[in-house]
Amino acid sequence: MPGHSHAHAPERGHERVFAFGLAINAAFVALEAWAGWRAGSLALLSDAGHNLGDVLGLALAWAGAWAARRPPSARYTWGWRRAALLAALVNAVLLLIAVGAIAWEAVRRLGAPAPVDASVVVGVAAAGIVVNGLTAWLLSRGRHDDVNVRGAYLHMVVDAAVSAGVVVGGLLVATTGWLRLDPAISLAIAGLVGWSAWSLARQSLALSMDAVPDSIDPTEVGRHLRGLPGVAGLHDLHVWPLGSAGASLSAHLRMPGGHPGDRFLLDVREALHTRFGIEHVTLQIETGDDCPQDCAGDRGPRP
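Residues numbered from 1 in each chain as written. Predicted model: local features only at pLDDT ≥ 70, side-chain atom pairs only at ≥ 80, totals over all residues. Heavy atoms only, no water.

K.L.:
Lay out the overall build of the chain with the relevant residues and their values.
P.N.:
Helices and strands together make up the secondary structure of the chain, namely eight helices and three strands. Reading the helices (α) and strands (β) of the chain from amino to carboxyl end gives α-α-α-α-α-α-α-β-β-α-β. Here the chain holds 303 residues, and 45% of them are scored as buried. Within the chain, counting contacts between residues at least 6 apart in sequence, those at least 24 apart form 76% of the total. (Helix = DSSP H or I, 4+ residues; strand = E, 2+ residues; numbered from the N terminus. Buried < 20%, exposed > 50% of the residue type's maximum accessible area, 1.4 Å probe, protein only. Contact = heavy atoms within 4.5 Å.)

Okay, structure coming up:
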């Protein structure tokens, strides 16, 4: 199958990157939470909560990369490739709960602002820019071919931007003395985290329900298959995710001229893998002149 022989090596490399990123980010979260508590900064504490969510995300991504390499078995014929999707959904729910807690406390502090040690806030948040930026750079090479890696990469980029916002807020508190800036920044962080978590929840839930991955246009896939030489009809076209990366396709092709042979099937699979990133293809060839009863209307995505 095109693409199968190269799947494991990148995932093993991703595991090492996830492990390193997990270690440095977990250490930073502990430092940031302690500093936020000592400095009385809700902005730092909320950013630590955000970063904790991303540590969980890195851990889940690491677990997903590991699970994707587990071989299929008689019971789990696809292996454990779906584990990353389920983990992402759980991670998104936990993030949304954390966002609610951060927003609640931020609103309370807007009414009763507390003093903040701005120098600690700025120093720790500046370290966060370095940690998150380094992790994003390490993940950047694999972000184009794996949704799991791309999600972790985007989280790290957002974290670096959030830490930059906390630095700016800390400097403004130090220069203006306006204590309400700290909870106001916390609300902004909560909004950003909430948007990211909701987007992650929608995507992971959709993929868990076998939705076509966003990177694949099912209409274009159908148009491609209908345009193949000798194809008179197409029905029962299905495209679904195999996990955080890769997709599977099955379809019935009506070819009244007769079975096209193995070379045709290999070329179609290679084209679907190269053009659409579809990794596993199953095609059923029907050589009769009449469309079977179950394909009335030539079902499937239409152009």
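K.L.:
Describe the sheet that holds strand 3 (residues 280-286), listing the residues and the values that go with them.
P.N.:
Overall, mixed pairing links the three strands, which are arranged 1-2-3 in an open sheet. At either margin of the open sheet sits one strand with a lone partner, and together these are strand 1 (233-241) and strand 3. Each strand axis lies, on average, 10° off the axis of its neighbour in the sheet, ignoring direction. The strands touched by helix 7 (residues 218-226) are strand 1 and strand 2 (247-254); relative to strand 1, the strand with the most contacts, the crossing angle is about 140°. The strands touched by helix 8 (residues 262-276) are strand 2 and strand 3; relative to strand 3, the strand with the most contacts, the crossing angle is about 140°. (Pairing = 2+ DSSP bridges. Axes fitted to C-alpha atoms, helices over the stretch in contact; angles between N-to-C directions.)

K.L.:
Please set out the environment of Val281 residue by residue, giving values where relevant.
P.N.:
Inspection of the secondary structure assignment puts Val281 in strand 3. Given a relative accessible area of 3%, Val281 falls into the buried group. Linking Val281 and Arg269, residues 12 residues apart in sequence, is a C-alpha distance of 6.1 Å.

K.L.:
Talk me through the packing of aromatic side chains; I want residue IDs and the actual numbers.
P.N.:
Applying the stated criterion to the full structure yields one aromatic pair. For the pair Tyr76 and Trp80, a centre-to-centre distance of 6.3 Å together with 70° between the ring planes defines the contact as edge-to-face. The class for Trp80 is partly exposed, based on a relative accessible area of 36%. (Phe/Tyr/Trp six-rings, centres within 6.5 Å; stacked < 30°, edge-to-face > 60°.)

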